[in-house]
Amino acid sequence: MLKQEILDNMQKIVDTCMGEETPACVATCPMHTNVKEYIRLIREGKGEEAIRVIRDKLFLPRTLGRICAHPCEGKCKWNEGGDPMSIRALKRYAADNFDCEDDWDLHIEPANGKHVAVIGSGPSGLQAALDLRRGGCDVTVYEKLPVRGGMMRVGIPEYRLPRDILESEISYLDKLGVKFRLNFEVGRDKGLQEMIDEHDAVVLSVGKHQGRVDRSLEHWDAEGVYSAADFQREAALHRDVAGAGKVALVVGGGDVAMDCTRTALRCSKMEKVYDICLENSFETMPASAHEIAGDLEEGVKFYHAQAIKTIHVDENNRVCGVTLRKCVSMFDDQHRFSPTYDDNDTIELSDVDTIIFAIGQAVEGDFAHGILEQRPNTNFVCDHETLQSSMNEKVFCTGEAAGEAVMVIQSMATGRRAAQSVLRFLKGESLTEGRDIKDTWTYETKLDMPTNWEEIEAYCVHTRTIPLEEREKNFKEVDLGYTREQAEKEAERCRQCECKLCMKECIMLKDFTECPKTLFREYLEKGIDAVDSKVAYSCNECSQCTLQCPHSLDLRSNFQAIKSEFAQRNGGTVPVENLLPSEANQVKECDDEYCTAVPGVSTAPAKKQKTKYVFVPGCSVSAYTPEGVEAVLHHLRDALGEENVGAMLQCCGKVSLFMGEEEKFHERNKKAIDILDDMGAEVIITVCPSCYKIFKETAKNQKVIAYWDLMRMLIGVPEASKGIGEGSDIIFNIHDSCVTRDETSHHESVRWVLDQLGYQWEEIEKNGQNTRCCGVGGMVCSSDPALYERVYTRRMNDFSQDNIVTYCGSCRGTMETGGKDAVHMLDLIFGKQYTKDQAKKRSNKSDEEMWAKRLESKKRFDSCRK
């Protein structure tokens, strides 16, 4: 059974891994449009595929591509490094250029015999009607106005949203069989209770069409005073406002105010437009920056930190000017909205004859009085998650009627949520079971990828607009959107946010899972026996996954523990057939026939002498270069004194640990440690990275140092080797072992040694602490030869040279297997000058040759006894 600490580590990965996390743009979109995917497709020139992705969630792509408040852009990763992605404009590009009515999905479920009324044809009502119709319901939308679209039609100016585009997209519902009744006012043409009685369910989707004016002011009802809702509605229906004069003052600092100013400029008699707001700067205004920019471009004059003190009227009760007063502060000490003014600091605008208050709107709810519960001047009371009315189970509220939305896209999401509730209600199912509100609302994602913005250069591509002179006194669309070139360039900026850095680096993980979170959740839920056992034995144990992970999650320990569990169940022996030969080799590598211990040269034969330094070459190097390991021993004795330096040829047990044979590892490692203790060793000198790592963890009475560090820090390279590489025609790449990726002194020392020898070398990117495994790690070379080949082939592609030098015996063999000319550091230190014409295969041709060299190393060490 796995230890609790391993189970806890798995749970930590499940809780912390960001591999399944949604990009912020998708999570923030209440409809969860796959922004990342459609931008990728636009970037690749696949517009037809991009619009299919968009239409999977949105039936108004051309409309939303123009007027969506794009909360996704507010959470875009690019906000850290500059302007966010122009997501809305890219959606519009795909929709304008690739949306085709012939491709619209007209599939609906079989009729369920239920009739649902939707009151209001705004975005939430339309979305609810669409989803209910596709769910098999007979749906009728009742609209008070003579036009469809709600605030999209009569609240958003035509210069931003052409009416033919909106109507074309609403026609999708006509094709599906949704019925519409226009100029139908609930409470006038039919009572709400009667509608509830006549239908199986009612979706209440009325918007905030009731505008507000500041009734605390004298003459608030004078001719020329409008609420934003009334002003925009008249302009939308008639492309003019008959009662508007020549000079307008818009009151408000939000996007609605910005719409009002530019709409006013387009009215037939208008000559000048002012805007006043309580905020003291453009930066503190709630309006979008691009909306403010549009106002400034078209000549609107702003007065910040101002409010109306007095409305002046003429003898006909027509506005004929205003007196403004300065706003000193907007909030009190508790940060509550409570503006204060300086009545002595005033401005006269005597030419104003039209005032438009853009200070808020309310839902018209008189028709539901006594039938539904409504908060004063706001929304109807309903359940936050299901949107079911608090007073009538057959009624469901959406959008502004539910108090759930201030944006079109948010309204659509509530329409979808309400439709889901209605369909459950009609089937007699639970409205809450198995649902998550985040499916139809904005939620926070844990995805937060570190980005070095200094290394990224890309600037936001702005859309085209028509010239100023072409906008005068008309409602032509101002924004022309992107060309293909512009769209693809902007799409290129997308960071394609995801956290699968470990997956991109680790070849093995991609074979078995979508991400670590998915894999270890499966382990925890099903147990290790239900998951392919090959997974654990395919880990190179190189820790690149941890290195890449923003949270430095440790996967290797889990795979080690799983292998140990499998071995323990199998009587302590690895249960993988391909690894049994490696177990047999471990037995031989620890057998006395192939092992020896040589103490320092004693100066007192009658007395046992401690050997301060013990050279431990390891198994791979001693089976590769017997002459090299002997030369190291002589160099050490020359530099440190022959009485102080001995050698031990004994396996550290690393392969057993790789295979999960913990008990055998401890037994084999203890044998080596006991010998070292018996020799009185104080310092272990290694040339094998695995031996270094193992003894550093298990040798309690000795310090461990790599031969390369010892040379750089204390004894230098052999005198005969200095400058031996000068004039060589080779430029080496160095391969650093993943086992000692964190031992930066090793990296520094190996390069120092090469410099001392006089050889040229060239650094590669994936090296040092960021080095990649050669493929041998975890004994994958034996457990999964095909994976091993893929790993070492990838590693070969990292190199810029054909000649590789490394300081790990196993890594050297893999470099050669991968087609490189590979030498060990000992070849260069103790051989003659190495040149290109000496390239050859150096690996043992057979197991017999390997064991013969191991015996020769033992013989050479034994010959150094005195």
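Note that this is a predicted model, so its numbers are computed, not measured.

Caption draft 1: The arrangement of the nonpolar core in detail. With 96 residues, the main nonpolar core has Leu132 and Phe380 as its most contacted residues. The biggest single contributor to this core is helix H15 (residues 408-427), with 10 residues. Apart from the residues within four sequence positions on either side, Leu132 is in contact with Val116, Val118, Cys137, Val139, Val203, Ala419, Val422 and Leu423. With 59 residues, the next largest nonpolar core counts Ala672, Ile684, Val717 and Val823 among its residues.

Caption draft 2: Structural detail: the sheet that holds strand E10 (residues 306-313). With respect to topology, 3 strands assemble into an open sheet ordered E10-E11-E12, the strand pairing being antiparallel. If you trace the sheet from one side to the other, it starts and ends with E10 and strand E12 (337-349), each paired once. The average undirected angle you get between the axes of adjacent strands in this sheet is 30°. Judged from the 7 bridges that link them, E10 and strand E11 (residues 319-331) form a sheet pairing that is antiparallel. Paired with Val313 across the strands is Val319, a residue of E11.

Caption draft 3: Looking closely at the pairing of strand E2 (residues 138-142). With 4 of 5 residues buried, E2 is to be regarded as a mostly interior element. Sheet topology places strand E1 (residues 115-119) next to E2; 5 bridges connect them, and they run parallel. Looking at the pairing, His115 lines up with Asp138 of E2. Handedness of the crossover joining E1 and E2 through helix H8 (residues 123-134): right-handed. Judged from the 3 bridges that link them, E2 and strand E3 (residues 179-181) form a sheet pairing that is parallel. Bridging across to E3, Thr140 finds its partner in Lys179.

Caption draft 4: Region of interest: helix H21 (residues 556-569). Taking 1.5 Å per residue as the helical rise, H21 with its 14 residues ought to reach 20 Å, and the 20 Å between its terminal C-alpha atoms agrees with that figure. Every buried residue of H21 is listed here: Asn558, Phe559, Ala561, Ile562, Lys563, Ser564, Glu565, Phe566 and Ala567. Contacts made by the buried residues of H21 are with helix H1 (4-16), helix H18 (507-512), helix H19 (516-526), helix H25 (654-658) and helix H26 (662-679). Positive backbone phi, at 75°, marks Gly571, one or two positions downstream of H21.

Caption draft 5: Spatial organisation of the environment of Gly660. Here Gly660 is to be found in the loop between H25 and H26. Residue Gly660 is classed as buried on the basis of its relative accessible area, which comes to 2%. When the C-alpha positions of Gly660 and Gly778 are compared, they lie 9.5 Å apart, and in sequence the two are 118 residues distant. Ignoring sequence-local partners within four residues, the contact set of Gly660 consists of Lys563, Ser564 and Ala567.

Caption draft 6: Quick peek at the pairing of strand E25 (residues 803-806). Burial of the side chains of E25 extends over both faces: Asn803 and Val805 are buried on one face and Ile804 and Thr806 on the other. Taking the sense of rotation as the criterion, the β-α-β connection linking E25, helix H32 (residues 809-817) and strand E26 (residues 821-824) turns out right-handed.

Caption draft 7: Representation of the pattern of salt bridges within the structure. Tallying each qualifying case throughout the model produces 72 salt bridges. A salt bridge links Arg233 to Asp230; its shortest N-O distance comes to 2.9 Å. Taken as a pair, Arg233 and Asp230 lie in helix H12 (residues 228-238) at a separation of 3 residues, close to a single helical turn. Note that Glu583 is salt-bridged to Arg668, the shortest N-O span being 2.8 Å. Of this pair, Glu583 sits in helix H22 (residues 580-589) while Arg668 is found in helix H26, placing the two residues 85 residues apart along the sequence. This pair shows no difference in class: Glu583 is buried, exactly as Arg668 is. Connected via shared salt-bridge partners are Arg62, Arg66, Arg92, Asp96, Glu477 and Asp479.

Caption draft 8: Just helix H4 (residues 47-55), in detail. Regarding H4, the residues found buried are Gly47, Ala50, Ile51, Val53, Ile54 and Arg55. Those residues of H4 that are buried are in contact with helix H3 (35-43), helix H5 (61-67), helix H7 (87-98) and helix H10 (163-176).

Calculation criteria
- Residues numbered from 1 in each chain as written.
- Predicted model: local features only at pLDDT ≥ 70, side-chain atom pairs only at ≥ 80, totals over all residues.
- Heavy atoms only, no water.
- Core = buried A, V, L, I, M, F, W, Y, C linked by side-chain atoms within 4.5 Å.
- Buried < 20%, exposed > 50% of the residue type's maximum accessible area, 1.4 Å probe, protein only.
- Helix = DSSP H or I, 4+ residues; strand = E, 2+ residues; numbered from the N terminus.
- Contact = heavy atoms within 4.5 Å.
- Pairing = 2+ DSSP bridges.
- Axes fitted to C-alpha atoms, helices over the stretch in contact; angles between N-to-C directions.
- Right-handed = clockwise from strand over helix to strand, strands pointing away.
- Expected span 1.5 Å × (residues − 1).
- Salt bridge = Lys/Arg side-chain N within 4 Å of Asp/Glu carboxyl O.

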